Amino acid sequence: MQAMVLNAVGHPLVWTELPDRQPGAGEIRVKIGACGVCRTDLHVVDGELPQPQLPIIPGHEIVGRIDAIGPGVSTLVLGQRVGIPWLGHTCGVCPYCRMQRENLCDRPLFTGYTRDGGFASAVVADARFAFPLGEQGSDEALAPLLCAGLIGWRALAIAGDAPRLGLYGFGAAAHILAQVARWQGRSVFAFTRAGDAATQRFARSLGAAWAGAADELPPQPLDAAIIFAPVGELVPLALQAVRKGGRVVCAGIHMSDIPRLPYRLLWEERQLLSVANLTRQDGLDFLSQVPQMGIVTRTTAYPLQQANQALADLRAGRFEGAAVLLP
Ligand SMILES: [Zn+2]
Ligand SMILES: [Zn+2]
């Protein structure tokens, strides 16, 4: 197999030939058709997340077909198309696993961070954490749903019953979630970098009722806001934009420091929350409804060997939507 390997944080990924791997008990091997590039991959490469399992193959928005099955796997079949998400394994016995909050597991493994991921031609995964995807849609179009879509879905659930929803940072996750929110009948307010007219146009083209700069106030107070950009300065801005009792949900795994803020921004029962990882139930709930939602993902494809270019373009905001690597 071939892979783009991170040997040391802060260094480019290295194109590497590796021996083919065999799935162990409870595992499957997937021949990868596409793997999305997520901002979390940037955080791993940049060393902003503690203790990656180096060397590591990043990538956790994997779509491919099962080409080998280890002992004890009975629910999946050879040739089946599956998606492999960020949550790669949980312990099943810690207090969080036992209270159906496996996203907070004390001993998890994360795809592309603490177990090898999808910037490769193949991956071995825990079969219990692979989602059957069916045959509708291309691998490239589905890949961004595996994290940008799924984490967005969980963030949307935590945002609660919020008819007027703000999205701060209009990248891969928000461009999917805006469509989901519209499908649910919500109004979407998109916040971008000041002066980013192209992204604001993109947001309006996906049904946003309003699009503007992150430091602007929306025309009406929001019921909830989700922050996707890893920028702590957005927290007080979003708190200012939500109504009394409104929620602000931080959906990223890493964020720059949140500046000091006056208590009056939190006063009147505004809530500030974070979203961590996903549960398998989130994945099943979201992916089962994807065919009805009519989500159109905007993707920019790169050959696997150009993973470093894709990461650089993501960092610089050089494309709308999501980058996807094709092996
Ligand atoms: Zn656990
Ligand atoms: Zn991700």
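Everything here concerns the structure above.
Bear in mind the structure is a predicted one, so any value in this text is a computation, not a measurement.

Undergrad: So what exactly am I meant to see when it comes to the overall build of the protein here?
TA: Secondary structure summary: the protein contains nine helices and 17 strands in total. The C-alpha radius of gyration computed for the protein amounts to 19 Å, which stays within 12% of the reference 20 Å derived for 327 residues, consistent with globular compactness. Structurally, the protein occupies a C-alpha span of about 55 × 40 × 40 Å along its principal axes. For the protein, the residues scored as buried account for 53% of the 327 residues in total.

Undergrad: Mind showing me how you'd approach the coordination of the zinc ion (ligand 1) here?
TA: Six octahedral donors at a metal ideally form angles of 90 or 180 degrees, and four tetrahedral donors ideally form angles of 109.5 degrees. Around the zinc ion (ligand 1), the protein contributes the donor atoms Cys 91 (SG), Cys 94 (SG), Cys 97 (SG) and Cys 105 (SG), at 2.3 to 2.4 Å from the metal centre. One can describe the donor arrangement at the zinc ion (ligand 1) as tetrahedral, given that its four donor atoms subtend angles of 104 to 118 degrees at the metal. Site description for the zinc ion (ligand 1): donor spacing in sequence, C-x2-C-x2-C-x7-C. Of this pair, Cys 94 sits in the loop between strand S6 (87–89) and helix H2 (95–98) while Cys 105 sits in the loop between H2 and strand S7 (109–110), and the two are eleven residues apart along the sequence. Note on accessibility: Cys 94 and Cys 105 belong to one class, buried.

Undergrad: Looking at this structure, how should I read the coordination of the zinc ion (ligand 2)?
TA: In the first shell of the zinc ion (ligand 2), the protein supplies Cys 38 (SG), His 60 (NE2) and Cys 147 (SG), at 2.0 to 2.2 Å from the metal. What makes His 60 buried here is its relative accessible area of 0%.

Undergrad: Would you mind showing me how to read unusual backbone geometry here?
TA: Following Leu 54, the chain continues to Pro 55 via a peptide bond in cis, the omega torsion being -10 degrees. In this fold, Pro 55 is placed in the loop between helix H1 (39–46) and strand S4 (62–69). A positive phi angle, close to 60 degrees, is found at Gln 100, a residue other than glycine. Examined against the element boundaries, Gln 100 turns out to sit in the loop between H2 and S7. A relative accessible area of 67% places Gln 100 in the exposed class.

Cut-offs and rules
- Residues numbered from 1 in each chain as written.
- Chains lettered and ligands numbered in written order.
- Predicted model: local features only at pLDDT ≥ 70, side-chain atom pairs only at ≥ 80, totals over all residues.
- Heavy atoms only, no water.
- Helix = DSSP H or I, 4+ residues; strand = E, 2+ residues; numbered from the N terminus.
- Rg over C-alpha atoms; globule rule 2.2 N^0.38 Å.
- Buried < 20%, exposed > 50% of the residue type's maximum accessible area, 1.4 Å probe, protein only.
- Donors = N, O, S within 2.8 Å, 3.2 Å for Na, K, Ca; no water.
- Tetrahedral: all angles 85-135°; square planar, octahedral: opposite > 155°, others 65-115°.

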